[in-house]
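Inside the fold
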Amino acid sequence: MTPTIMRPIRLAYVIKSMIVGGSQTHLSQVLRFLDRERFDPILYCLSGEGAVLDRVHELGVPVLAPAAGWGFKGPGLAVQIARLASSFRREGVGVVHNYLLRANLVGSISARLARVPVVLCSKRGCHERRGLELVGAKIGNRLADRVTVNAQAVREFVHANEGCPREHMTVIPSGIDTERFRPLPPAPFKTRLGLTEDQLVVGIVTRMRARKGVEEFVRAVGRVRQTVPRVHAVIVGEVAFDETLQQLTRALQLEEHLTLLGRRNDLPEVLSAFDVFVLSSHDEGMSNAILEAMAMQKPVVATDVGGTGEVVRHGESGMLVPPKDPEALAAAICAVLAQPERAHAMGHLGRRVVESGFSARAMVRQMEELYLTLAAQRGLALPVATGASTVPN
């Protein structure tokens with residue numbers, strides 16, 4: 001039977017908050033590149049909070065928070081579920097895609113109560129769940145038609161930790177905007193940092209210290225400077241320069257050789273100044289930050305966690321080291337800095353790797369195909385694209 005041509009499928013994304021983070025950045029990119037001829041997106045932000053909401057509004061995507069402020073325990077959880085289910089029915093939602101632990105639970109239960117035809121959960125990291133969190137994760141998985149994961153490593157981890165069948169999960173690798181993140185000359189931003197062009201910048205991008213190995217990065221830089229004194233370290237993201245970090249910086253004599261830039265809206269320009277990008281995480285799914293750095297032709301030194309080894313080719317586009325090992329991290333950074341021509345070749349290969357397999361447009365096309373396949377299985381009439389692009393810039 002030929003599918004009936006209808007209006008776009010109402011597609012709801014559900015997430016707890018839109019604070020600056022990898023999943024939130026990913027979701028804003030999905031909303032940007034989504035085919036508006038086939039899908040009519042709406043974002044449910046359960047808390048109603050987050051700086052990334054500004055970007056969502058700019059894209060013209062409606063944002064709803066029907067039970068913001070009610071919390072996720074006791075009566076508050078029941079209110080969240082009831083109001084979300086009511087809104088799904090009122091909005092005529094055909095597909096719900098939930099993001100992260102709280103939304104995976106609340107969104108899945110609400111969608112089933114509202115009889116939404118297609119329900120998905122997502123997993124984007126290798127975070128061990130225990131106790132009530134594990135119970136909630138399993139409930140969300142069971143209620144979903146499919147669980148999306150952003151790396152093979154995440155699929156294996158979720159199978160082992162949450163008991164989710166491998167065949168219930170679909171791997172859609174993370175993707176980034178290769179048009180925004182493209183090679184730029186390093187000198188302008190080095191000048192803005194007050195550095196000379198011949199100084200070597202080694203940096204990380206993170207929104208938290210927990211699990212991201214910030215202390216290991218700082219310790220590694222201290223070791224690197226003993227061999228390469230021209231090195232200057234940069235930390236990008238909302239990392240508090242608390243007493244512990246101040247003491248470590250003083251002990252390593254890095255007061256004049258470490259810059260904390262905070263959260264930035266000009267990340268391509270910031271990354272342009274990096275000579276080596278570092279990922280020092282204890283665990284990851286697939287890091288958007290490392291993909292962005294590679295898209296800008298930066299050689300990377302990364303801890304071999306999660307899906308990192310699925311994008312970084314050790315010895316070719318970067319170096320992989322064990323997590324929580326500042327000595328190994330320092331040795332790899334020194335090895336890259338000691339061979340500028342090799343570092344240059346690593347950066348070029350990294351750009352090609354991202355362009356070929358990790359672009360945002362390719363990621364969104366895979367997501368759309370999954371939605372349409374599941375929608376067809378549930379008997380939804382499928383909209384047919386006319387070929388005219390309706391994706392916002």
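Predicted model only: the values in this text are computed from it and were never measured. (Residues numbered from 1 in each chain as written. Predicted model: local features only at pLDDT ≥ 70, side-chain atom pairs only at ≥ 80, totals over all residues. Heavy atoms only, no water.)

Digging into the side chain of Ser-110
Along the chain, Ser-110 turns up in helix H4 (residues 100-113). Take Ser-110: its relative accessible area is 0%, and that puts it in the buried class. Engagement of the side chain of Ser-110 in a polar contact is seen with the backbone oxygen of Ile-81, the distance being 3.1 Å. Residues in contact with Ser-110, not counting those within four places in the same chain, are Gln-80, Ile-81, Leu-84, Ala-85 and Phe-88. (Helix = DSSP H or I, 4+ residues; strand = E, 2+ residues; numbered from the N terminus. Buried < 20%, exposed > 50% of the residue type's maximum accessible area, 1.4 Å probe, protein only. Polar contact = N/O pair within 3.5 Å; in protein donor to acceptor, adjacent residues only side chain to side chain. Contact = heavy atoms within 4.5 Å.)

A few points about the pairing of strand S4 (residues 95-99)
The element S4 is largely enclosed, with a buried count of five among its five residues. Residue alternation in S4 divides its side chains into two sets, Val-95, His-97 and Tyr-99 and Val-96 and Asn-98, and both sets are buried. Here five bridges tie strand S1 (residues 9-15) to S4, and the two strands are oriented parallel to one another. Its bridge partner being in S4, Ile-15 is matched across the sheet by Tyr-99. Pairing between S4 and strand S5 (residues 118-123): three bridges, direction parallel. Note that in S5 the partner of Val-95 across the bridge is Val-118. Taking the sense of rotation as the criterion, the β-α-β connection linking S4, H4 and S5 turns out right-handed. (Pairing = 2+ DSSP bridges. Right-handed = clockwise from strand over helix to strand, strands pointing away.)

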